[in-house]
Amino acid sequence: MSASPIIDIRNLRTHFHTEKGRVTAVDDVSFHVGRNEVLGVVGESGCGKSVTSEAIMQLLNPEITDFEGEILFDGENLLALDEARLARIRGNDISMIFQDTTSSLNPLYTVGDQIIEALQAHGRQSRQEAARTALEMVKATGIPSPEKRLSEYPHELSGGMRQRIMIAMALVCRPRLLIADEPTTALDVTTQAQILDLIMQMKAELDMAVVFITHDIGVVAEICDRVAVMYLGQVIEDSTVESLFDAPLHPYTRGLMQAMPTIESDPAEDLYTIRGRVPSLFDVPTGCRFAERCPYATGKCRAEAPTLEAATDGHKVRCWHWKAIAAGEMTESEAELQAG
Amino acid sequence: MIQYVVKRILSLVPVLGVVAVVVFALVHLSPGDPASVILGPDASADDIRQLRDELGLNRPVPQQFASWLGNALTGDLGTSIYSGTPVTSVFLDYFRPTLSLAIFAQIIGILVAVPMGVFAALYRGKWMDGALMSFALVGISVPSFLMGLLLILFFAVFLNWLPVAGYAPLSEGLGTHLEYLLLPAISLGFIQAALITRITRAAMLEVMNNAYVKTARAKGLSRATVVIKHTLRNAFIPILEIIGQTFTTLIAGAVVVEFVFNIPGLGQLIVNSVERRDFPVIQGTVLLVAFGYVLINLFIDLIYGVVDPRVRLDQ
Ligand SMILES: Nc1ncnc2c1ncn2[C@@H]1O[C@H](COP(=O)(O)OP(=O)(O)O)[C@@H](O)[C@H]1O
Ligand SMILES: [Mg+2]
């Protein structure tokens, strides 16, 4: 993993022009993904995970979006490419799968047609060859009676099957990077586990890197090598999975972990929730963005924004007090007050 | 698919039944006695009574309806009181020009409007969108008779490129036929185009928000493929719906345009027949137009089935 990363995002900012003014949905995000590595991107809904991934794919409407920074894919800045070049990269070198399983496939075409179309957009394969490749790919996803499925329309398949088809479609050109934006959120628990297994199996087979986006920190522990935790458009902690679960440094990450249901947790008892709500993009705090909700927040936190600093080798955190918190020198005074 | 077609056709039966009742009732409940109109103001009461007998107007209304409906089901809509020819053949004579006009206008409307709507949607909020939508607004606001008169003035009188008015049947050659129909079809198609442009734009904008359009882009498809194959085709479903729904307004508009261009179409037939109290022709024409409307909608439903597998497969 010492080789250059497949994707290297440097100080990415994404601004949207809205009717109510300009908002910065992604504010100085940097992370990289090594070849063959799985990076988890975690955070509550609305923290900028989808915007970041669609910025990588350049799927955002350029009319209302401005970017700053760099997204280096294999050394090439995606933000500087023209539409034709991007179209050759999309689906071929970088693929994406989405959360929504009901409408991510076009209802008017058979799933087979839609997979073949992805192949033919990038290859010089004949339709017959493409159909064969598509069938192999769908077989590999473990769908029962794959031949029959290919001639079916999306509405004839279950949510889990549609997500398998989406995966087959995304991977049929053997991309080097897969971006999976909450691919299991819309599915039931059993199907979720199957889809996760499938993604990991494909990752091994195709030797690709994965950016796995989720709001479920539990999933991260299972499949990721490294994790970037996002909060209100920023990365607030970036670490290997081991280091993060051993010793989460940011109070937000600690909160996410406490809020995670475990096998031992009593379903009758309410799970821990982080108090308060994510501030609006129109009302971004001047200091630390998490300060209002943080049990350790001090005056400094509210006044000055911390930067992402290296705590240990390969573990970065954006918090003024991470050292004191880790050493147990600060207590969750307000949090206890809240709970009592 | 066959099941779908049969089901659609069966569902038309009650619609046509209601139409038959309404048509009959309208004609028979409206004031004006056909016999006295036909015989003129000087006719004697005896003559009038005798003609009413011949026309079957003295029988109880339900009985009249039953025999009319019974004959209609066998394809016999009676004979015209005025000309003595069968209503069906009178209808067909006058229907052909109207049908030609409506189809031609519809084609012009669709050919102009769909690309306009697509571009307006793609350039939403830009000057292109503004220009196209203002054009559509003009199209909706200018009445077709005014449009017709302006077109006649410019292309027929001033430039002398096309005939001022009149009609040439298809038997005189397609070129001549279209030459006479072009201006009327544009006058009529303009409103239609305006309507379809708006629907196309709205439908495109709505479809563009769908996740599958994002998927299509994420696959690396070209912009043209994304727009045509993954957006326009889906947008066609509401567009078709509007085309079906506006069929009646199109026919109604055709009647006005026929008047301006002096085309012997259904408009003339209906106006003349009403003046003459030629009630078999009125009844027959309205019934057949309603039947045509129902057929068009059936046809459009069948196209739905072709375009949208969800319609075809869900019974
Ligand atoms: N086109 C847009 N215009 C304005 N704001 C947007 C747009 N797209 C996303 N946002 C905002 O950006 C923020 C991040 O959204 P998103 O990346 O979708 O969150 P998530 O982490 O749940 O995927 C949200 O506050 C959202 O409202
Ligand atoms: Mg999201």
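Source: prediction; values computed, not measured.

*Asks:* Can you help me understand the overall build of chain B in this one?
*Replies:* A count of helical and extended segments in chain B gives 15 helices and zero strands. Overall, the C-alpha framework of chain B stretches about 85 × 55 × 35 Å when taken along its three principal axes. Across the 315 residues of chain B, 42% fall into the buried class. Restricting to contacts in chain B with at least 6 residues of sequence separation, those with at least 24 account for 74%.

*Asks:* Looking at this structure, how should I read the site of ligand 1?
*Replies:* Residues and elements named next belong to chain A. Taken together, 13 residues sit near ligand 1, with Gly 46, Gly 48, Lys 49, Ser 50 and Val 51 positioned nearest. With respect to ligand 1, the backbone of Gly 46 contributes an N or O atom lying 2.6 Å from an oxygen atom. Mapped by element, the contributors of at least two residues to the shell around ligand 1 are strand S1 (7-18) and helix H1 (49-57).

*Asks:* I would appreciate a short explanation of the UniProt feature "domain: ABC transporter" (unreviewed entry) in chain A in the present structure.
*Replies:* Within this structure's numbering, the places UniProt gives as "domain: ABC transporter" (unreviewed entry) are residues 7-257 of chain A. Helix makes up 39% of residues 7-257 of chain A and strand makes up 27%, while its end C-alpha atoms are separated by 27 Å.

*Asks:* What exactly am I supposed to notice about the pairing of strand S10 (residues 234-240) of chain A here?
*Replies:* Along a regular strand, successive side chains alternate from one face of the sheet to the other. All names here are of chain A. Across the seven residues of S10, six count as buried, placing the element largely inside the fold. For strand S9 (residues 226-231) and S10, the ladder comprises six bridges, and the chain directions are antiparallel. Each residue of the ladder has a partner; that of Met 230, found in S10, is Val 235. Between S9 and the antiparallel strand that follows it, S10, lie two residues; Leu 232 among them carries a positive phi value of about 45°. Relative to strand S12 (residues 315-317), S10 runs antiparallel, the two sharing two bridges. Following the sheet pairing, Glu 237 is matched in S12 by Val 317.

*Asks:* Where do I start with helix H6 (residues 87-122) of chain B in this structure?
*Replies:* What sets the pattern is the α-helix's 3.6 residues per turn: residues three or four places apart point alike. In a regular helix each residue adds 1.5 Å, so 36 residues correspond to 52 Å; H6(B) covers 50 Å between its end C-alpha atoms and thus fits that length. At Phe95(B), H6(B) shows its largest bend, some 35°, and a proline, Pro97(B), comes one to four positions later.

*Asks:* What is the right way to look at the UniProt feature "transmembrane region" (unreviewed entry) in chain B in this model?
*Replies:* Residues and elements named next belong to chain B. Here, UniProt's "transmembrane region" (unreviewed entry) annotation points to residues 9-29, 99-123, 135-161, 181-199, 239-261 and 281-307. Helix makes up 95% of residues 9-29 and strand 0%, and the two end C-alpha atoms of the span are 31 Å apart. Annotation note: span residues 99-123, helix share 96%, strand share 0%, distance between end C-alpha atoms 35 Å.

*Asks:* Before we go on, may I ask you to explain the nonpolar core in this structure?
*Replies:* Most often, soluble globular proteins have nonpolar side chains that are buried together. Ranked by size, the top nonpolar core spans 103 residues in total, and within it Ile7(A), Ile94(A), Ile115(A), Leu171(A), Ile179(A) and Phe212(A) carry the most contacts. Here this core takes eight residues from helix H6 (residues 159-171) of chain A, the largest share from any one element. Among all residues touching Leu171(A), those that are not within four sequence positions of it are Met137(A), Leu178(A), Met202(A), Leu206(A) and Met208(A). Ala113(B), Val227(B), Ala235(B) and Ile237(B) belong to the second largest nonpolar core, which has 28 residues in total.

*Asks:* How should the interface of chain A and chain B be read in this particular structure?
*Replies:* Interface size is commonly expressed as the accessible area that is lost once the parts come together. Each partner contributes residues to the interface: chain A has 28 residues there, and chain B has 24 residues. Carbon and sulfur atoms supply 56% of the area buried between chain A and chain B, which totals about 2,300 Å² over both sides. By the criterion of area lost to chain B, the three top residues of chain A are Leu108(A), Tyr109(A) and Glu117(A), representing 28% of everything that side buries. Notably, a salt bridge pairs Lys126(B) with Glu63(A), separated by 3.1 Å at the nearest N-O pair. Remark: the boundary between chain A and chain B carries 15 residue pairs in polar contact (both at pLDDT 80 or more). Of all the secondary structure elements, the ones that give two or more residues to the side of chain A that touches chain B are H1, helix H2 (83-89), helix H3 (111-122) and H6 of chain A.

*Asks:* Sorry if this is basic, but what is going on with the sheet that holds strand S3 (residues 38-42) of chain A here?
*Replies:* Strands pair in a sheet through their backbones, by hydrogen bonds, and they do so in one of two ways: parallel or antiparallel. All names here are of chain A. In spatial order, the strands read S6-S7-S8-S3-S9-S10-S12-S11; together these eight strands make up an open sheet with mixed pairing. Two strands lie at the open edges of the sheet, namely strand S6 (94-97) and strand S11 (309-312), each paired on one side alone. Here the strands of the sheet are splayed against their neighbours by 20° on average, with no regard to which way each runs. Sitting on the sheet, H1 is in contact with S3, S6, strand S7 (177-181), strand S8 (209-214) and S9, with an inclination near 145° to S6. Contacts from helix H10 (residues 251-258) reach S3, S9 and S10 within the one sheet, and its direction differs from that of S9 by about 105°.

*Asks:* Help me understand the state of the cysteines, please; the structure alone is not making it clear to me.
*Replies:* In protein structure, a disulfide is the covalent linkage between the sulfur atoms of two cysteines. All names here are of chain A. In this structure the tally under the stated criterion is zero disulfides over all chains. With no disulfide of its own, Cys 224 lies 14 Å from the sulfur of Cys 47, the closest cysteine sulfur. Take Cys 224: its relative accessible area is 7%, and that puts it in the buried class. Cys 294 supplies the cysteine sulfur nearest to Cys 319, a cysteine that is in no disulfide, at a spacing of 6.3 Å.

*Asks:* Explain unusual backbone geometry here, please?
*Replies:* In terms of backbone geometry, most residues other than glycine have negative phi values and most peptide bonds are trans. Residues and elements named next belong to chain A. Positive phi is not limited to glycine here, since Asp 28 has a value of about 65°. Within the secondary structure layout, Asp 28 lies in strand S2 (residues 21-33). Of note in the backbone geometry, Asn 36 takes a positive phi value of approximately 70° without being a glycine. By secondary structure assignment, the location of Asn 36 is in the loop between S2 and S3. Here Asn 36 falls in the partly exposed class, since its relative accessible area comes to 31%.

*Asks:* Is there a simple way to think about the packing of aromatic side chains in this case?
*Replies:* In this description, a pair of aromatic rings is defined by centroid distance and the angle of the planes. Within this structure, the stated rule accounts for 12 aromatic pairs over all chains. Pairing Phe154(B) with Phe155(B) gives two aromatic rings, centres 5.1 Å apart and planes at 90°, and the pair type is edge-to-face. Taking relative accessible area as the criterion, Phe154(B) reaches 41% and is therefore assigned partly exposed. Judged by relative accessible area, Phe155(B) falls into the partly exposed class, the value being 24%. Three or more aromatic residues joined by ring pairs form one cluster here, namely Phe154(B), Phe155(B), Phe158(B) and Trp161(B). Directly above the aromatic system of Trp320(A) lies the positively charged group of Lys300(A), at a separation of 4.2 Å from the ring centroid.

*Asks:* Looking at this model, I keep getting lost on a nonpolar patch on the surface. Mind explaining?
*Replies:* A surface patch of nonpolar side chains, about 420 Å² in accessible area, is lined by Leu99(B), Ile103(B), Ile107(B), Leu111(B) and Val112(B). For Ile107(B), the position within the fold is in helix H6.

What counts as what
Residues numbered from 1 in each chain as written. Chains lettered and ligands numbered in written order. Predicted model: local features only at pLDDT ≥ 70, side-chain atom pairs only at ≥ 80, totals over all residues. Heavy atoms only, no water. Helix = DSSP H or I, 4+ residues; strand = E, 2+ residues; numbered from the N terminus. Buried < 20%, exposed > 50% of the residue type's maximum accessible area, 1.4 Å probe, protein only. Contact = heavy atoms within 4.5 Å. Near = heavy atom within 4 Å. Polar contact = N/O pair within 3.5 Å; in protein donor to acceptor, adjacent residues only side chain to side chain. UniProt positions renumbered as here; feature names shortened; annotations may be inferred. Pairing = 2+ DSSP bridges. Expected span 1.5 Å × (residues − 1). Bend = angle between axes of the 7 residues up to and from the residue. Core = buried A, V, L, I, M, F, W, Y, C linked by side-chain atoms within 4.5 Å. Buried area = accessible area lost by both parts, 1.4 Å probe. Salt bridge = Lys/Arg side-chain N within 4 Å of Asp/Glu carboxyl O. Axes fitted to C-alpha atoms, helices over the stretch in contact; angles between N-to-C directions. Disulfide = S-S within 2.5 Å. Phe/Tyr/Trp six-rings, centres within 6.5 Å; stacked < 30°, edge-to-face > 60°. Lys NZ or Arg CZ within 6 Å of the ring centre and 35° of its normal. Patch = residues over 30% accessible without salt bridge, like charges linked within 9 Å, V, L, I, M, F, W, Y side chains within 5 Å. Areas by Shrake-Rupley, 256 points an atom, 1.4 Å probe, with all protein chains shown as cover.

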